[in-house]
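Each chain, written out:
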Amino acid sequence: MSSNVFSVIEKSIANLRRMHPELPVEWMTVARMVAQVHLRGRIMAGGMLKVWDITYPEYSILVALYGADGYMLPTTSLCEITGESSSNTKRLVHFLCDRKLVIRGYDKADRRKIMVGLSDAGMHLLRRALPTMAGLLDEQVRTFESGELPELVRLLKKSLKGIMGES
């Protein structure tokens, strides 16, 4: 993030504070910073993923499947994990199926539930891409000191639980 982004965010927040002192400006600052980190991380990852001719949202689906038991998940779980809408997840799964990177099937216990699984080709692509993506993630957190990243994860989990109404 360039210092210009910081100054634009800070100026916007200062203006809001002046007009509406009751607004939770610290939380608004956090929300905007998290959005910027996410956006810029996706842009960087997207650039690196071009080598494998996949987009970041497609990669997110593949990684979610790779981390799942049996390399399979229902589409509803893919939406939750990736943060993509149901319609976009279905569209991405369709593209990935066309490219033979995932397979579709049905849950054995509930035939109404659509399951998505990682194909051998998808597994092969991920095994080639993961070291590069791990290097990118390492680069993105290089400025953190020991203990800061686990603390950030703890605070974000706490925030997410609050947003979701959990204790």
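Residues numbered from 1 in each chain as written. Predicted model: local features only at pLDDT ≥ 70, side-chain atom pairs only at ≥ 80, totals over all residues. Heavy atoms only, no water.

Some details on the UniProt feature "domain: HTH marR-type" (unreviewed entry) in the protein
Which entries qualify depends on this criterion: UniProt positions are given in the numbering used here, feature names are shortened, and annotations may be inferred rather than shown by experiment. Runs of H or I in DSSP of at least four residues are treated as helices and runs of E of at least two as strands, each being numbered from the N terminus.
Under the UniProt annotation, "domain: HTH marR-type" (unreviewed entry) lies at residues 20-161. Overall, residues 20-161 shows 65% helix and 9% strand. The separation of its end C-alpha atoms is 27 Å.

Some words on the sheet that holds strand β2 (residues 102-106)
Counted only if it meets this: At least two bridges found by DSSP between two strands is the condition for calling them paired. In this analysis an axis means a line fitted to C-alpha atoms, helices contributing only their contacting stretch, and an angle means the value between N-to-C directions, from 0 to 180 degrees. In what follows, residue pairs with any heavy atoms lying within 4.5 Å of each other are defined as contacts.
One open sheet accounts for three strands, arranged β1-β3-β2; its pairing is antiparallel. Two strands close off the open sheet at either side, each with one partner strand: β1 (72-74) and β2. Between one strand axis and the next, the sheet turns by 30° as a mean value, whatever way the strands run. Along the sheet, helix α3 (residues 56-66) makes contact with β1, β2 and β3 (114-118), crossing β3 at roughly 90°. Against the sheet, helix α4 (residues 75-82) contacts β1 and β3, and its axis sits at roughly 95° relative to β1.

Thoughts on the packing of aromatic side chains
Definition in use: Only Phe, Tyr and Trp rings take part, Trp by its six-membered ring, and two of them pair if their centres are within 6.5 Å. Stacked means planes under 30 degrees apart, edge-to-face means over 60, and tilted covers everything else. Residue exposure (1.4 Å probe, protein chains only): buried if accessible area is under 20% of the type maximum, exposed if over 50%, otherwise partly exposed.
Under the defined criterion, the tally for this structure stands at two aromatic pairs. Summarising the aromatic geometry, the rings of Y56 and Y59 are spaced 6.4 Å apart at their centres and angled 40° between planes, so their arrangement reads as tilted. Taken together, the residues Y56 and Y59, both in helix α3 and three residues apart, mark about one turn of the helix. Residue classification places Y56 among the partly exposed positions, given a relative accessible area of 23%. With relative accessibility at 9%, the residue Y59 sits in the buried group.

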